[in-house]
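# Descriptive analysis of the structure
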Amino acid sequence: MIFTNVRLIFPETIRDGLEVVVAEGEIAAIRERSRARGKDVVDLDENYLAPGFVDLHVHGALGRDTMEASAEAFRAICDFHASGGTTSLLLTTSTTPMDKLVEVLDTVRDFVDRRASSFGVARHKLRSRPTSAIAGVHVEGPFISKAKRGAQRAEFIQEPSPAAVRRLLDYADVIKRITVAPELPGAPEAIKDFHEHGVSVSGGHSDAWDEDARAGFERGMRSVTHTFNCMSSARRRGIYRVGGLLEFALSEPQISCELIADSHHASATLMKILYRAKGVAGICLVTDATAGAGLPNGSRFSLFGKDCIVEDGVCLLADRSALAGSASRMIDLVRTMVRIVDVPLHEAITMATENPVRAIGLKTKGRLAVGADADFVVLSPDLEVLRTFVRGEEIWSA
């Protein structure tokens, strides 16, 4: 298959006059545009071709939630986010009793294993249509701060005891990312354990002081969760002013910052501050989409057992006391970065592809390069998603 008549978006630039050759689900070549014709040639009418987006933080969509622990819910979530250009995602959990969390992890493991075992089977023999790939799970809670819990349920929050950590490490093959408040008793040891088992540790839902954040960093914490939201910032301790998790993240070059760039979770000024502090390489766009994503304004839904509503394009607790995740897709965030934060398009795409891939070690995703998976999103000049492909196979079209 040859993708031609297209503008390719690379991390450093956008290039015309090239085409992408795909074989067996991978990029086999990127070459000068040829005169190839035939049924295996995909003419993209001079639109943009970018790597498929990778979302590290997705709770749900269309009234469905990761915590349902069902293949049907997972497919609905993936299908919706494919319409926003997402080709890989981390299903994200909420703070819940450990037994329920383990049930979700078991279900995701089984779902991913079954899809992997069907790879290479003829399409007409598959019972389910292709959709976005589940790259694993982002465990958000229960090791978080009650003071910074946001919409999470306080009654299920716990400290990262050695026993609880060991139970989750049994799923280190499934858990790609975990959010931990680094100030909790036992958190430094837990962060070290997760990091040593290949799980990306992100500081979040945290009331940490500067030194707590640094202790987490020294043990392997390399990210922070939904920057500006549910995290400590500079405040007085006695007569002195001390930084929190936010300032530590802004000042430490090796920390990658999640950003929900929907103009609700962070204002334009805050997003610009983050961009100036971290640069293109330090930001991972994430939707933090909950079950309200894709539902019309006024829709009611449940989040972690709490009543919520979609209002003005964002998800809120029904009493309007707090945000309850976003209603966005990845393309919505890319547009915000370009149109409101004044980030060049190729840099915004990098924040949605190469950066999240690097954060969790997905070596074959998030880039246009020979040997990478043929996961693509086709964008119009107005940055609308026209088509989405996973391993060269179309999973969504406008």
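Residues numbered from 1 in each chain as written. Predicted model: local features only at pLDDT ≥ 70, side-chain atom pairs only at ≥ 80, totals over all residues. Heavy atoms only, no water.

One open sheet holds the four strands; their spatial order is β17-β18-β19-β20, and the pairing between them is antiparallel. At either margin of the open sheet sits one strand with a lone partner, and together these are β17 (300-303) and β20 (323-326). Each strand axis lies, on average, 35 degrees off the axis of its neighbour in the sheet, ignoring direction. As paired elements, strand β19 (residues 314-317) and β20 share two bridges and run antiparallel to each other. Looking at β20, one finds that Leu-316 is bridged to Leu-323. (Pairing = 2+ DSSP bridges. Helix = DSSP H or I, 4+ residues; strand = E, 2+ residues; numbered from the N terminus. Axes fitted to C-alpha atoms, helices over the stretch in contact; angles between N-to-C directions.)

What follows is about helix α8 (residues 330-339). Most of α8 sits out of view: eight of its ten residues are buried. Every buried residue of α8 is accounted for by Met-330, Ile-331, Asp-332, Leu-333, Val-334, Arg-335, Thr-336 and Met-337. (Buried < 20%, exposed > 50% of the residue type's maximum accessible area, 1.4 Å probe, protein only.)

As defined by bridge partners, strand β2 (residues 14-23) adjoins strand β3 (residues 26-32) across six bridges and the pair is classed as antiparallel. By the bridge assignment, Ala-23 is partnered in β3 with Glu-26. As consecutive antiparallel partners, β2 and β3 are separated by two residues, and within that stretch Glu-24 has a phi angle of approximately 55 degrees, a positive value.

What follows is about the sheet that holds β3. Ordered in space as β3-β2-β1-β4-β21-β22-β23, the seven strands form an open sheet in which the pairing is mixed. Either end of the sheet is taken by a strand with one partner, and the two such strands are β3 and β23 (393-397). Direction aside, the axes of adjacent strands within the sheet are offset by 40 degrees on average. Looking at chain direction, strand β22 (residues 385-390) and β23 are connected through four bridges and run antiparallel. Residue pairing across strands places Arg-387 opposite Ser-397, the latter belonging to β23.

This brings us to the environment of Ala-277. Within the secondary structure layout, Ala-277 lies in helix α7 (residues 268-278). Remark: the alpha-carbon pair of Ala-277 and Val-201, spanning 76 residues in sequence, is separated by 21 Å.

Turning to α7, its buried residues are Met-271, Leu-274, Tyr-275 and Lys-278. One side of α7 holds all its buried residues, which, seen down the axis, span an arc of 100 degrees. Exposed residues on α7 whose side chains face more than 90 degrees from its buried face are Thr-269 and Arg-276. On its buried side, α7 packs onto α6 (245-251), β15 (256-259), β16 (283-285), α8 and α9 (345-352). Once α7 finishes, Gly-279 follows within two positions and takes phi at roughly 70 degrees, a positive value. (Arc of directions from axis to C-beta. Contact = heavy atoms within 4.5 Å.)

Residues with a pLDDT of 70 or more make up 96% of the protein chain, whose mean pLDDT is 95. Here residues 121-127 is modelled with pLDDT under 50, and outside its nearest four sequence neighbours on either side it reaches six contacts, counting other chains as well. (pLDDT = per-residue confidence, 0-100.)

To continue, consider empty space enclosed by the protein. Under the criterion given, the structure shown has one cavity of 30 Å³ or more. Estimates place the volume of the largest cavity at around 50 Å³. Residue contributions to the lining of the largest cavity peak at three residues, all from α9. Classifying every residue of the lining of the largest cavity gives five nonpolar, four polar and two charged. (1 Å grid on protein atoms, 1.4 Å probe; cavity = no way out; pocket = protein on both sides within 12 Å on 5 of 7 lines; lining within 4 Å. Points joined across faces, edges and corners; volume = space filled by probe spheres on them. Nonpolar A, V, L, I, M, F, W, Y, C, P; charged D, E, K, R; others polar.)

With that out of the way, let us pick up the nonpolar core. Among the nonpolar cores identified, the biggest contains 78 residues, and Phe-143, Phe-194, Leu-285 and Met-337 are the most heavily contacted of them. When residues in this core are grouped by element, the largest group, seven residues, is from helix α2 (residues 98-117). Setting aside residues up to four positions removed in sequence, Phe-194 forms contacts with Phe-143, Val-165, Leu-168, Leu-169, Ile-178, Val-199 and Val-201. Formed by 17 residues, the second largest nonpolar core is a distinct cluster that contains Phe-10, Val-20, Ala-372 and Ala-374. (Core = buried A, V, L, I, M, F, W, Y, C linked by side-chain atoms within 4.5 Å.)

So, about the layout of surface pockets. Over the atoms rolls a probe the size of a water molecule, and in doing so it shows where empty space is left. Within this model, the second largest pocket holds a volume of roughly 240 Å³. Lining the second largest pocket are 19 residues; nearest its centre among them are Ala-151, Cys-230, Asp-288, Leu-323 and Gly-325. For the lining of the second largest pocket, the element with the most residues is β20, which contributes three residues. The class makeup of the residues in the lining of the second largest pocket is eight nonpolar, nine polar and two charged.

Okay, the side chain of Thr-336 next. Relative to the helices and strands, Thr-336 is located in helix α8. Ignoring sequence-local partners within four residues, the contact set of Thr-336 consists of Ala-261, Ser-263, Met-271 and Val-341.

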